[in-house]
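# Chain and residue survey
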Amino acid sequence: MTAKPDTVATVSSDELLETDHGESGATSKPARTNLPATADQLCTEDLDDYRHTQFGKPHHRWLYHDAEGHLVGAIARWDGVEEGTSKTIRPLTYQQTEGRRFRWRSGGFPEPRPLYRLPEIIKNPTKSILICEGEKAAGAAQELFPDYVATTPPHGAQSPHKADWSSVRGRDVVVWPDNDEPGRDFAQKVAKPASEAGAAEIRIVEIPGDFPETWDLADDLPEGMSESDIRALMDEAQLWVPTAPKHYVSCGSFRSDERGVYQLSSDANKPDVFLCDPLEVLAGSRDFDGDNWGKILRWTDPDGIVHKWPLPLELLAGDGAEIRREFLRQGLNVGTSTFARQQLLTYLQQANPDARVHVVDRVGWHENCFVFPDGAIHPDDGEEVLFQSTTQLDHAYRQAGSLEDWQNEVAALAVGNNRLMFVICCALAAPLLKMTDSESGGFHLRGASSTGKTTALNMAGSVFGGGGTHGYTRQWRTTDNALEGVAATHCDTLLCLDELSQIDGRHAGNIAYMLANGQGKGRAKQTGSNRPVRTWRTLFLSTGEIGLAQKIAEDGRGRRSTAGQEVRVIDIPADAGEGLGIFQDLHGFENAGLLAQHIKEKSGQLYGTPAITFLQRLVEDKAKSPNELRDATLGYQREFVEEVCPENAHGQVKRVAQRFGLVAAAGELAISLGVLPWGKGNATEAVRVCFEDWLAERDGTEPAEITAAIAQVRHFFEAHGESRFTPRDADPDNRVTINRAGYRKKNDDGEWEYFVLSEAWNSEICAGHDPKLVNKVLIERGLLIPDKSDEKVQSRHRLPDFKDPKRCYHVSAAILGR
């Protein structure tokens, strides 16, 4: 009786590592045994003398080594020693028997098993790796393809998954299978663990169908083939793409497989009932609060396109029409009978996979993941998060072309045109709102028709998406309820709205507030309880021939924009001042129109990749260091504000400067990440120019309320200074003043001064403003003259029609000249 081996040795030049095997074959920590310095040589010499008790001395022998070159085992082969097979293969390891003597015995390698010729793989890090089925084929392959390192996993075609594939990380791999079904299966079994180990690229050689069955590289060349023909097969090897495992879920009386989903018939004489085409149930889903449960479904349409849909379980509460409509819309055939329809709903409710994912009902940041309607960008080790909605979402988050093409054909044309650079930076600033805890808001490009405003909008929109009839851009012409939905689908992304003139002036201000405040209307359910309020964070770009203030004033009721609205929607002149509309540099085009047409065309062909690349790098950086990116962005924003904002500027101006600063920071960040093909500082300079143009049009750094109040007072006297103010020295019998607001008289310089009655001052001239604030501001500027005796705002004057001196507001003649 042969003694049972209890240790397996890994032999080096100065020691032998013993590995104890129990009954289960599990390995324990190796123990060291002192051996002569010639251990490797002695071990190999012993192998030369090895004879199997049944088969005798091996006809072939291949040695296996570890990464340091230590001998760990061998594969022995005998030809024709067993009936019914042409070859017999046994793995050999150097084992210590019960008698404590080391001998070569038949036994498997400890796992994970080294690849054949592992030291050669490690010594040649730039060579591609050629994987064959068996050591003999690998040896022949090495001679035929000396520019590769040929290898094979030990123990045959059935156990590639037990090999250590770490040495292929970052390397190009080619698999050359034997010409039979087991060989093709071997290629797939090798490709999967090699891919999981990090192989850069995996290709599989396709053996021509007229080659002999079971042919491999160790066999003679097929008739009519030369070595160059064999090498050509290597050049034509096909890229291996992993196939996703199928997740068919059968349950209860339902069968689901590659043929479809069926209701099993209880009657052997009746066929099973077809419910739908093959349908996978990948995972159960729920939001981060444990609500809104659903299931993630996947199927392939007749054109071979894979569709993935997060099904909200609440849709199962009805008759299923919405579910069937979505299935049919995306190419999944469903049973048409009433019974089949009912049973399909039952199946969808009963099919419960083990996997779980999170779902959200809003685009944008969720934890460290950025979610789009058709997918999400998340850290490598993060849980999958998907978008789920009970209704089909209309969006333009699509990609076309490459980032490099977009950089060369679109972004490069923005260089030298500060408005175009600015709008691209705006698009990239939107995802930074949450990170920096910045408020939502917008920028409005105002200018005459054909200035290039829509061109800028097209260019900005191409950062996030496009396609369809109108690309990424939306229109102002909609209801405020509909715009709520649009804003919610643009959370943490750019919202482009064209032509402010299309919206009713009565609603313009409210909609601007709504977009900037990031919250929709509160609404009640039929039960009387509140529906969830839609929320979002967004930066929006708007265009129009007039600004928001002028649009609000169009309703004819004397309404005006508030300071809050003007801070939330920042009005920028679209004309860059070079006589070329929005452009400054035509980049070799004959005129601005041709450049605009080119930008429109390229923005419609190349889109979406800049935002995807930018967000991928943001997600990676946030995962590595959550606070570093935020702190750097906020620091750059502060530097921008300190550089461009005057020291005595009001808080409103600083608030606007902060938004410009975020746009500049986004641009410089995108440049550093390789998303924008501009030079360092280019984005900052473009944003600075746009801020200064806004500040110049604003006419000062004071609060908008003060500027507006002075303008309103001045406008009243410009419009009614003669018609509603009675001259103090006029003949009482001949004067006629309709709707009188006060009196007027000329000063020593021949200029009119005004004396306004209290009610007219408060209800008309200061309408919409705080009268006390207006009084204070006008007095500081010498436009309102207080009483000299008691310094009260209203001074005493003798006025016609009043017996005693009357207190009124004495307005200086300078009101019309300052």
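Report on the accompanying structure. Since the structure is predicted, the reported quantities are computational estimates derived from the model, not experimental observations. (Residues numbered from 1 in each chain as written. Predicted model: local features only at pLDDT ≥ 70, side-chain atom pairs only at ≥ 80, totals over all residues. Heavy atoms only, no water.)

### A few points about the packing of helix α21 (residues 704-720) against helix α23 (residues 771-780)
Here is the rule we go by: Structural elements are reduced to axes, namely lines fitted to C-alpha atoms, with helices fitted over the stretch in contact, and the angle between N-to-C directions of any two is expressed from 0 to 180 degrees. Starting at the N terminus, helices and strands are each numbered in turn, a helix being any DSSP run of H or I of at least four residues and a strand any DSSP run of E of at least two. Angle categories: roughly parallel below 35 degrees, roughly antiparallel above 145, roughly perpendicular from 65 to 115, and oblique for all the rest. We call two residues contacting when some pair of their heavy atoms lies within 4.5 Å. By the convention adopted, Pro, Cys, Tyr, Trp, Phe, Met, Ile, Leu, Val and Ala count as nonpolar, Lys, Arg, Asp and Glu as charged, and the other residues, Gly among them, as polar.
Where α21 meets α23, the axes come as close as 10 Å, and the angle between the chain directions of the two elements is 80 degrees. Classified by the interaxial angle, the pair formed by α21 and α23 is roughly perpendicular. Residues I706, A709, I710 and V713 of α21 form the contact with α23, whose participating residues are V774, V777 and L778. In terms of residue class, the contact of α21 with α23 is built from seven nonpolar, no polar and no charged.

### Structural notes on helix α6 (residues 321-329)
For the record, the criterion: Burial classification: accessible surface area is computed with a 1.4 Å probe over protein chains only, and a residue below 20% of its type maximum counts as buried, one above 50% as exposed, and the rest as partly exposed. Summarising the geometry, the arc corresponds to the directions from the helix axis toward the C-beta atoms.
Listed as buried for α6 are I323, R324, E326 and F327. Buried residues in α6, looked at end-on, bunch into an arc of 160 degrees, giving them a common side. Of the surrounding elements, those touching the buried residues of α6 are β17 (294-300), β18 (306-312) and α7 (338-350). Where α6 terminates, the next one or two residues include G331, which has phi positive at roughly 85 degrees.

### Let's talk about the pairing of strand β13 (residues 254-257)
To keep it simple, the criterion reads: Paired strands are those between which DSSP finds at least two bridges.
The alternating pattern of β13 places F254 and S256 on one face and R255 and D257 on the opposite face, and all of these are buried. Relative to strand β14 (residues 260-263), β13 is paired through four bridges, and the arrangement is antiparallel. Bridging across to β14, D257 finds its partner in G260. Here β13 folds back onto β14 in antiparallel fashion, the turn holding two residues.

### Some words on the nonpolar core
Defined as follows: As used in this record, nonpolar core signifies buried Ala, Val, Leu, Ile, Met, Phe, Trp, Tyr and Cys residues forming a set joined through side-chain atoms within 4.5 Å.
Within the largest apolar cluster, 91 residues are counted, with the highest numbers of intra-cluster contacts made by F422, F443, F464, F660 and W678. If you tally residues by element for this core, the top one is helix α19 (residues 651-672), at 11 residues. V72, L130, L217 and M234 belong to the second largest nonpolar core, which has 26 residues in total.

### Here we look at the sheet that holds β18
Pairing is mixed in the open sheet, where five strands are placed in the order β18-β17-β16-β19-β23. The sheet is open, and its two edges are formed by β18 and β23 (385-387), each paired on a single side. Each strand of the sheet is rotated relative to its neighbour by a mean of 40 degrees, with strand direction disregarded. As judged from the three bridges shared by strand β19 (residues 356-360) and β23, these two strands associate in the parallel manner. Within β23, the position partnered with V359 by the bridge is L386.

### Some remarks on the sheet that holds β14
Taken in spatial order, the three strands make up an open sheet running β13-β14-β15, and their pairing is antiparallel. Whereas interior strands pair on both sides, the edge strands pair on one side only; in this sheet they are β13 and β15 (273-276). Recorded for the sheet is a direction-independent mean angle of 30 degrees between the axes of neighbouring strands. With respect to the sheet, α7 is in contact with β13, β14 and β15, its orientation differing from that of β15 by roughly 60 degrees.

### Re the side chain of E133
Spelled out, the test is: Neither His nor the chain ends is counted toward charge; the positive residues are Lys and Arg and the negative residues Asp and Glu. Whenever Lys or Arg places a side-chain nitrogen within 4 Å of a carboxyl oxygen from Asp or Glu, that contact is recorded as a salt bridge.
By the secondary structure assignment, E133 is in the loop between β8 (128-132) and α3 (135-144). Within the buried core, E133 has no salt-bridge partner, and the shortest N-O distance to an opposite charge, that of K87, equals 7.1 Å. When sequence neighbours within four positions are dropped, the list of residues in contact with E133 reads T152, A157, W176, D178, G183 and F186.

### Here we look at the environment of D361
In this structure, D361 sits in the loop between β19 and β20 (364-366). In sequence terms D361 and N292 are 69 residues apart; their C-alpha atoms lie 9.1 Å from each other. With residues up to four places along the chain from it excluded, the contact list for D361 reads F387 and Q388.

### Looking at the packing of aromatic side chains
Just so we agree on the cut-off: Pairing of aromatic rings covers Phe, Tyr and the six-membered ring of Trp, with a centre-to-centre limit of 6.5 Å; geometry is then stacked below 30 degrees between planes, edge-to-face above 60, and tilted otherwise. Note on criteria: charge over ring means Lys NZ or Arg CZ within 6 Å of the ring centre, with the direction from the centre no more than 35 degrees off the ring normal.
What the rule picks out here adds up to 26 aromatic pairs. Between F55 and W78, the ring centres sit 5.4 Å apart and the planes meet at 55 degrees, which makes this aromatic pair tilted. Within this pair, whereas F55 is found in the loop between α1 (39-48) and β4 (60-65), its partner W78 is found in strand β5 (residues 71-79), the two being separated by 23 residues in sequence. The exposure class of F55 is buried, given its relative accessible area of 10%. Considering the side-chain rings of F422 and F660, the 5.6 Å spacing of their centres and the 35 degrees angle between planes classify their relative orientation as tilted. Here F422, found in helix α9 (residues 418-429), pairs with F660, found in helix α19; they are 238 residues apart in sequence, far enough to count as distant. Assigned by exposure class, F422 and F660 land together as buried. Clustering of aromatic rings is evident, with ring pairs tying together W365, F370, F372, Y397, F464 and Y472. Its end group placed over the ring of F755, R728 keeps NZ or CZ at 4.9 Å from the ring centre.

### Here's the deal with the pattern of salt bridges
Under the counting rule described, the total for this entry stands at 31 salt bridges. Residues D257 and R259 are paired through a salt bridge, measuring 2.6 Å at the closest nitrogen-oxygen approach. The class for R259 is exposed, based on a relative accessible area of 52%. Within this structure, R255, D257, R259 and D272 form a network of salt bridges that share partners.

### Section: helix α17 (residues 609-624)
To keep things clear, this is the line we draw: One less than the residue count of a helix, multiplied by 1.5 Å, gives the span that helix is expected to have.
Look at α17: 23 Å from first C-alpha to last across 16 residues, which is about the 22 Å you get at 1.5 Å a residue. For α17, the full list of buried residues reads T609, P610, A611, I612, T613, F614, L615, L618, V619 and K622.

### Here's the deal with the packing of α9 against helix α20 (residues 682-698)
What describes two packed helices is the angle between their axes and the distance between those same axes. Look at α9 against α20: their axes get within 8 Å of each other, and the N-to-C directions meet at 105 degrees. When the axis of α9 is compared with that of α20, the two are roughly perpendicular. Residues N418, R419, M421, F422 and C425 of α9 pack against N682, A683, A686, V687, V689, C690 and D693 of α20. Taken together, the residues of the contact of α9 with α20 break down into eight nonpolar, two polar and two charged.

### So, unusual backbone geometry
Most peptide bonds adopt trans geometry, and most residues besides glycine take a negative phi value. Of note, the bond from E111 into P112 is cis; its omega dihedral lies within 30 degrees of zero at -5 degrees. One can find P112 in the loop between β7 (102-106) and α2 (118-123). Even without a glycine there, the phi angle at R117 is positive, about 60 degrees. Tracing the chain through its elements places R117 in the loop between β7 and α2. Under the relative-accessibility criterion, R117 is labelled partly exposed at 21%. For E499, which is not glycine, the phi dihedral falls at a positive 65 degrees.

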